[in-house]
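So the chains spell out like this:
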Amino acid sequence: MPQMGVSVAEGTVVEWRKRVGEWVEADEVIVEISTDKVETEVPSPTSGRVASIAVEVGETVDVGTVLATIEVDGREPGAAGAGAGRAPESAHTHTLPHSNEILESRSSGNGGACEPEAVCEPEAAGEPEAAASNGNGHAPPVSPVVRRMADAHGLDLAQISGSGRRGRVTKRDVLAFLAGAEPAPAAEPVLHSESPYREEEPPAAPPPGEPLSLMRRQIGEHMVRSLRTAAHCTTVVEADMQRVEEARGRLSYLPFVARATIAALREHPRLNATLAGERLTIHDEVHLGIAVALEPDGLIVPVVHNAHELSHEGLAARIADLAERARAKRLTPDETRGGTFTITNPGRYGALLATPIINQPQVAILDLEAVVRRPVVVGGDSIAIRPMTYLCMSWDHRALDGVLAARFLGSVRRRLEEWDG
């Protein structure tokens, strides 16, 4: 299973679609996995009969853990007969993709760890079981941070109404319950008894401390790893968005910047690349990652595959769809992998300048800042009020130099300032 976002590490079995003894076809859904970001259906890597299930619903396991074994004997469902439960004479090991790589298939005769077909756990954030039933006799899982919060406050999760899928208790549900069940005590007055100043109401007590969630820890690890790996540099240019402002209507600035970025990547393909170790891969297709905030939990970077084939209207629709499903935790693993260049858009929240961290193994990330109307010099010595923005790009000095970064950003700026639809 590919990594589903930059901050996932474990996975929880939500539902088995097949049981022991049942036949499953290749690419047929066999199990549903839940993470802190995505709930996804995992297809069977091969056709065969389910021989055993090692991880039950509600259990959280690490990446690489075998979930089930599948007997691969080549027989159709109707031909299973009495020997369906026997191990085949010839079997091979196969695991689902892990960290964007497919593990090599091996014959059972070469000392592999397991003989039948193996379905392994994705790199996904784990969730132990909670209290409400999900309809198959098992409780829907909750995240580790929810479990820790419940233990820290002595809460019975069965008493908390869950708003998540299948009634799962989420962090927000616990915080809401705590807000109602544990009101903050009134603070003691701190003013002198003769002071003419009086506070209308005492300040609220600070919320109880809690450890970082698994998602936040994983984001931190990924960002620190990127800083240690890449030789980060940042280049900034200023762009006049007047032509885009006149053309955008009800659309945001993001799809226009995305379209200009894609065109610039086609002009300067060395930035549409990934760097693994000492091997630089320059990609023909532009698979554009768009950072999406999952407030308050973290972020995820869904990917618009083959973005070079889309107009700015098509990009707007695709980005909106991915963002909506990302926040609803309905992305598939394929929609979070394979990016070749990333755009982040903190400007929608009013930010003016930033130095984003590169999304490994890509070699650059573009930061779109707020568009602000301010006086600028135009047409020689004239001054006009224009919608201006800063385009900030962090790039890997191992893969390219400042001249190329400046030329690329100049190309993006020129396309925005000369936008003709």
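Located above this text is the structure these notes cover.
Now for a look at the structure at hand. (Residues numbered from 1 in each chain as written. Predicted model: local features only at pLDDT ≥ 70, side-chain atom pairs only at ≥ 80, totals over all residues. Heavy atoms only, no water.)

### Side note on the overall build of the protein chain
Our working rule: Working definition: helices are DSSP H or I runs of at least four residues, strands are E runs of at least two. Numbering for both runs from the N terminus. Think of it in three bands: with a 1.4 Å probe and only protein chains considered, a residue is buried below 20% of the maximum accessible area for its type, exposed above 50%, and partly exposed in between. By definition, residues are in contact when any of their heavy atoms lie within 4.5 Å. Where accessible areas are quoted, they stem from the Shrake-Rupley method and a 1.4 Å probe; at the residue level, only the protein chains shown are allowed to cover.
Across its full length, the protein chain holds seven helices and 21 strands. Taken across its 421 residues, the protein chain has 46% of its residues classed as buried. A separation of at least 24 residues holds for 61% of the contacts in the protein chain among residues at least 6 apart in sequence. With an accessible surface of roughly 20,600 Å², the protein chain has 50% of that area assigned to carbon and sulfur atoms.

### Remarks on unusual backbone geometry
Cis peptide bonds are those with omega within 30 degrees of zero, and the linkage from Q360 to P361 qualifies with 5°. Along the chain, P361 falls in the loop between β18 (341–344) and β19 (364–368). Residue N306 is not a glycine yet carries a positive backbone phi of 55°. Tracing the chain through its elements places N306 in the loop between β17 (303–304) and α6 (312–327).

### Re the pairing of strand β21 (residues 382–396)
The cut-off we apply is this: If DSSP finds at least two bridges between two strands, the strands pair.
Judged from the nine bridges that link them, strand β11 (residues 232–240) and β21 form a sheet pairing that is antiparallel. The partner of V236 across the bridge, within β21, is C392. In the sheet, β19 pairs with β21 via five bridges, with the strands oriented antiparallel. Note that in β21 the partner of A364 across the bridge is W395. Pairing geometry for strand β20 (residues 372–378) and β21, over seven bridges, is antiparallel. In the strand pairing of β21, P375 is matched with I385. Hairpin geometry of β20 and β21 is characterised by an intervening segment of three residues between the two adjacent antiparallel strands and by a positive phi of about 55° at G379.

### Considerations on the environment of K18
Stated precisely, the cut-off is as follows: Contacts described as polar in this section are N or O atom pairs within 3.5 Å, which, within protein, must combine one atom able to donate a hydrogen with one able to accept it, while residues neighboring in sequence count only if both atoms come from side chains.
With respect to the element layout, K18 can be found in the loop between β1 (10–16) and β2 (23–24). It is 7.3 Å that separates the C-alpha atoms of K18 and V31, two residues lying 13 residues apart in sequence. Excluding residues that lie within four positions of it along the chain, K18 makes contacts with W23, V24, E28, V29, I30, V50 and I53. A distance of 3.4 Å separates a polar atom in the side chain of K18 from the backbone oxygen of W23.

### Section: the pairing of β18
Here β18 shows no split at all, with F341 and I343 on one side and T342 and T344 on the other all buried. As defined by bridge partners, strand β14 (residues 288–290) adjoins β18 across three bridges and the pair is classed as parallel. Bridge pairing in β18 links G289 to T342. Judged from the three bridges that link them, β18 and β19 form a sheet pairing that is parallel. Across the sheet, the residue bridging to T342 is I365, located in β19.

### Quick word on the nonpolar core
Soluble globular proteins: nonpolar side chains tend toward being buried together. Short version of the rule: Here, nonpolar core means buried Ala, Val, Leu, Ile, Met, Phe, Trp, Tyr and Cys residues that are tied together by side-chain atoms lying within 4.5 Å of each other.
By size, the foremost hydrophobic cluster in this structure holds 49 residues, and its most contacted members are F341, L391, M393, F408 and L416. Once you skip the residues sitting within four places of it in the chain, F408 turns out to touch T261, A264, L265, H268, L271, F341 and M393.

### Description of the packing of aromatic side chains
The following threshold applies: Within 6.5 Å between ring centres, the rings of Phe, Tyr and Trp (the latter by its six-membered ring) count as paired, and their orientation is classed by plane angle as stacked under 30 degrees, edge-to-face over 60, tilted in between. Note on criteria: charge over ring means Lys NZ or Arg CZ within 6 Å of the ring centre, with the direction from the centre no more than 35 degrees off the ring normal.
Summed over the entire model, instances satisfying the criterion amount to two aromatic pairs. Their ring planes at 70° and their centres at 5.1 Å tell us that F256 and W419 sit as a pair that is edge-to-face. On the criterion of sequence distance, the pair formed by F256 in helix α5 (residues 254–267) and W419 in the segment after α7 (402–417) is long-range, its members being 163 residues apart. For F256, a relative accessible area of 0% corresponds to the buried category. On the basis of an interplanar angle of 55° and a centroid distance of 5.7 Å, the ring pair of F341 and F408 is categorised as tilted. With a gap of 67 residues between them, F341 in strand β18 and F408 in helix α7 connect regions that are remote in the sequence. Side by side, F341 and F408 carry an identical accessibility label, which is buried. Of note, R248 hangs over the ring of Y253, and the distance from its end group to the ring centre comes to 4.1 Å.

### Observations regarding the environment of D420
Here D420 is to be found in the segment after α7. Of the residues examined, D420 reaches a relative accessible area of 71% and is grouped as exposed. Separated by 173 residues in the primary sequence, D420 and A247 place their C-alpha atoms 8.2 Å from one another.

### Here we look at α5
Worth spelling out the cut-off: To estimate how far a helix should extend, the number of its residues minus one is multiplied by 1.5 Å.
The end-to-end C-alpha distance of α5 is 20 Å, a good match for the 20 Å that 14 residues give at a rise of 1.5 Å each. With 12 of 14 residues buried, α5 is to be regarded as a mostly interior element. Within the span of α5, buried status applies to L254, P255, F256, V257, A258, R259, A260, T261, I262, A263, A264 and L265. Buried positions along α5 lie against α4 (242–248), β14, α6, β18, β19 and α7.

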